[in-house]
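Topology and contacts: notes
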Amino acid sequence: MAKSKKVVPESHQALDVLKYEIAAEMGLPVGKAFADANVEFATELGAIPAQSVKEDYWGHIASRDAGAVGGAITSRLIRKAEEMMFNL
């Protein structure tokens, strides 16, 4: 997983919102609410500590789908920047 220093660290939350919005539009089940039912059941039984289940879980999503989300984020950010440049 690529880690890069963000130019605007405060953008992390806005990018996460955009990521989940795009994933929802694509019909991808991500996040703790959509985690595998077996994992949820295991946490309830105590077999897996609930703290170990991450809110931001993408492990069951195919690389192709995760990449499509990243590509959609990039294209939306570029489109928004172009709109801002042309509206000046």
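Residues numbered from 1 in each chain as written. Predicted model: local features only at pLDDT ≥ 70, side-chain atom pairs only at ≥ 80, totals over all residues. Heavy atoms only, no water.

1. Notes on the overall build of the chain
Helices and strands together make up the secondary structure of the chain, namely three helices and zero strands. Counted from the first residue to the last, the chain has its helices and strands arranged as α-α-α. The buried share of the chain, taken over its 88 residues, is 17%. Considering only residue pairs separated by 6 or more positions, the chain has 73% of its internal contacts joining residues 24 or more positions apart. Surface exposure of the chain reaches about 7100 Å², of which carbon and sulfur atoms provide 60%. (Helix = DSSP H or I, 4+ residues; strand = E, 2+ residues; numbered from the N terminus. Buried < 20%, exposed > 50% of the residue type's maximum accessible area, 1.4 Å probe, protein only. Contact = heavy atoms within 4.5 Å. Areas by Shrake-Rupley, 256 points an atom, 1.4 Å probe, with all protein chains shown as cover.)

2. Notes on helix α1 (residues 11-25)
In this model, α1 (15 residues) spans 21 Å end to end at C-alpha, consistent with the 21 Å of a helix rising 1.5 Å per residue. Three or more residues of α1 are buried, namely Leu18, Lys19, Ile22 and Ala23. In a view along the axis of α1, the buried residues occupy a sector of 135 degrees, so they form one face of it. Residues Gln13, Ala14, Val17, Ala24 and Glu25 are exposed on α1 and point more than 90 degrees away from its buried face. Turning to α1, the residues buried within the fold contact α3 (63-86). Of the residues flanking the end of α1, it is Gly27, one or two places downstream, whose phi is positive at about 75 degrees. (Expected span 1.5 Å × (residues − 1). Arc of directions from axis to C-beta.)

3. Digging into the packing of α1 against α3
A packed helix pair is summarised by two numbers, namely the angle formed by the two axes and the spacing between the axes. Where α1 meets α3, the closest approach of the two axes is 9 Å, and the angle between their N-to-C directions is 120 degrees. Between α1 and α3, the angle is such that the two are oblique. Taken as a pair, α1 and α3 cross one another with a handedness that is right-handed. Residue-level contacts link Leu15, Leu18, Lys19, Glu21, Ile22, Ala23 and Glu25 of α1 to Val69, Ala72, Ile73, Arg76 and Leu77 of α3. Looking at the contact of α1 with α3, its residues break down into eight nonpolar, no polar and four charged. (Axes fitted to C-alpha atoms, helices over the stretch in contact; angles between N-to-C directions. Parallel < 35°, antiparallel > 145°, perpendicular 65-115°, else oblique. Left-handed = near helix turned anticlockwise from the far one by under 90°. Nonpolar A, V, L, I, M, F, W, Y, C, P; charged D, E, K, R; others polar.)

4. So, the nonpolar core
If you look at the biggest cluster of nonpolar residues, it comprises ten residues: Leu18, Ile22, Ala23, Leu28, Val30, Trp58, Ile61, Val69, Ala72 and Ile73. At the level of secondary structure, the elements contributing two or more residues to this core comprise α1 and α3. When residues no more than four places from it in sequence are discounted, the contact partners of Leu28 are Ala23, Ile61, Asp65 and Val69. (Core = buried A, V, L, I, M, F, W, Y, C linked by side-chain atoms within 4.5 Å.)

5. Some details on the confidence of the model for the chain
Mean pLDDT for the chain: 75, with 66% of residues reaching 70 or above. Of all helices and strands in the chain, the one with the weakest mean pLDDT is helix α2 (residues 37-45) (49), whereas α3 scores best (94). Of the regions scoring below 50 in pLDDT, residues 34-39 engages in three contacts with residues more than four places distant in sequence or in other chains. In this model residues 45-53 is a low-confidence stretch, pLDDT under 50, and it forms eight contacts with partners more than four residues away in sequence or in other chains. (pLDDT = per-residue confidence, 0-100.)

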